[in-house]
Amino acid sequence: MEKLPILLSILVTLLLLAFLLNPRLQTHQTITAGAEVVPLIRLDLPDPESVMKERMERIESVCAELKIPETSGYTMFYFPKFKLSWSPVFKASSTTWKHFFIDHILPSSANVRGNHYSFELIRKYKLTKGTQNAGSGRKLKWKQEPDDSMRFTVVRHPLSRLVSHYRKTLLNAIDEQYFDKKTPTWVKPSIILSRENKNWSKEKRASYAKELSDWINRDITPADSPDNPYLSMPTFCELVDFILFTYQTKHSLMDMNHHWRPASILTSVCSADFDYVMKLENEAVEMPFLLEKLGLTEYADELMNSKANPSGTKNVVGTDVIEHLGQLSIEQQTKLNQIYEKDYKIFGYEPIFVNVSYTVPS
């Protein structure tokens, strides 16, 4: 009997080790309302080179299984100074990398309409699809890109990208009265889709829509037309309804706004033959490895401490994501996760459901 506590202690230790060493036991498919964060990375911090090798093998295997054709909605830039080819995934460190390349390949005086960090500034580095030197071995070939260029991209959980974009839209609003000058194109149609009353007369619809445009253009405030239901910030539910409506109407992932278009479409990952695909959630572990492979180690501090995207924790699905997804119905959550099924399979992410009992099918 005296040995029983010792045996129990050993058993508990072994169970804890099994948890830490088995990433499958750490996967969360369901989030409850009271949860604070959901880990998306392996807690034992494995060797980043092994993780990258495993990910690239997974991408190749899943792409072969799904037989995904090459898409046309992607962009690839080539920067001769660094001999690097980069495909941006919006809301996945794309601003950080865009700023980096602009800062190091263009003079400080360069700008487009007063903006030093516009994508227009690097348009000339955008690759044009075409014939490359024979023998490169890559499925997707580009003009102006040498055979030995290093191709990379950074991905992020699709729902984290979506929530990040929505939060940034509201953060850019001024006292919830005005949007800044870069009002997203989805704002007006999402508000009208969700709030239009079918019983309104044609004249009232037109009047309310005109006032909505004036508000977006910062010509009036909500106080100027208190009866107009359009004149308030769009909710996250309204954004999701707009996404689902446009997808169901057009049946095309290609037509989605680039801020929430699946990364597998944005990068044509199944055809692009990337050398490295980094997960933003694993940035602390994978970024030093990636920078070493890309020959950018001397810029580690600059890239890893960038203030370009200060909105939220990157290595977890944080309370902001849980809070926003928790506003959605089970139907909305299900349809939204279905849109990103291929991203989940290709990059090894899990669907996220809040307050929903769900088991990922085997």
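The present account deals with the structure reproduced in this document. The structure displayed is predicted, hence computed values, not measured ones.

Now for the overall build of the chain. Across its full length, the chain carries 14 helices and ten strands. Expressed as a percentage of the 362 residues in the chain, the buried residues total 46%. Counting contacts in the chain only where the partners sit at least 6 residues apart, residues at least 24 apart contribute 67% of the total. Of the roughly 19,100 Å² that the chain leaves accessible, carbon and sulfur atoms contribute 53%.

This part takes up the environment of Arg-156. For Arg-156, the position within the fold is in the loop between strand S7 (150-155) and helix H4 (158-171). Distance in space between the C-alpha atoms of Arg-156 and Tyr-349 is 8.9 Å, their sequence separation being 193 residues. Residues contacting Arg-156, with those up to four places away along its chain left out, are Lys-91, Ala-92, Arg-161, Ser-164, Leu-280, Glu-281 and Tyr-349. In terms of polar contacts, Arg-156 uses its side chain to reach the backbone carbonyl oxygen of Lys-91, at 2.8 Å.

What holds strands together in a sheet is hydrogen bonding between their backbones, with the strands either parallel or antiparallel. Spatial strand order, S3-S4-S7-S8: four strands in an open sheet with mixed pairing. Where the open sheet ends on each side, the last strands, each with one partner, are strand S3 (77-79) and strand S8 (276-279). Sheet twist, expressed as the average angle between the axes of neighbouring strands with direction ignored, equals 25 degrees. Inspection of the sheet shows S3 paired to strand S4 (residues 84-86) by three bridges, in the antiparallel sense. In the strand pairing of S4, Phe-79 is matched with Leu-84. Docked against the sheet, helix H10 (residues 283-294) engages S4, S7 and S8, running at close to 155 degrees with respect to S8.

Here the focus is the packing of aromatic side chains. By the definition in use, this model includes 23 aromatic pairs. An angle of 45 degrees between the planes, with centres 5.6 Å apart, marks the rings of Trp-86 and Phe-101 as tilted. Separated by 15 residues along the polypeptide, Trp-86 in strand S4 and Phe-101 in helix H3 (residues 94-105) bring together distant segments of the chain. Taking relative accessible area as the criterion, Trp-86 reaches 1% and is therefore assigned buried. Plain terms: the ring middles of Trp-86 and Phe-119 are 6.3 Å apart, the flat faces sit at 15 degrees to each other, and that makes the pair stacked. Of the two residues, Trp-86 is situated in strand S4 and Phe-119 in the loop between H3 and strand S5 (128-129); the sequence distance between them amounts to 33 residues.

The tally for this structure, following the rule as stated, stands at one disulfide. Each sulfur of the disulfide joining Cys-63 and Cys-270 lies 1.9 Å from the other. Taking the torsion about the sulfur-sulfur bond, which here is approximately -75 degrees, the covalent link between Cys-63 and Cys-270 counts as left-handed. Of the two residues, Cys-63 sits in helix H2 (residues 48-66) while Cys-270 sits in helix H9 (residues 269-272), which places them 207 residues apart along the sequence. Cys-270 matches Cys-63 in its accessibility class, with the two residues each being buried.

Cut-off values and rules
- Residues numbered from 1 in each chain as written.
- Predicted model: local features only at pLDDT ≥ 70, side-chain atom pairs only at ≥ 80, totals over all residues.
- Heavy atoms only, no water.
- Helix = DSSP H or I, 4+ residues; strand = E, 2+ residues; numbered from the N terminus.
- Buried < 20%, exposed > 50% of the residue type's maximum accessible area, 1.4 Å probe, protein only.
- Contact = heavy atoms within 4.5 Å.
- Areas by Shrake-Rupley, 256 points an atom, 1.4 Å probe, with all protein chains shown as cover.
- Polar contact = N/O pair within 3.5 Å; in protein donor to acceptor, adjacent residues only side chain to side chain.
- Pairing = 2+ DSSP bridges.
- Axes fitted to C-alpha atoms, helices over the stretch in contact; angles between N-to-C directions.
- Phe/Tyr/Trp six-rings, centres within 6.5 Å; stacked < 30°, edge-to-face > 60°.
- Disulfide = S-S within 2.5 Å.

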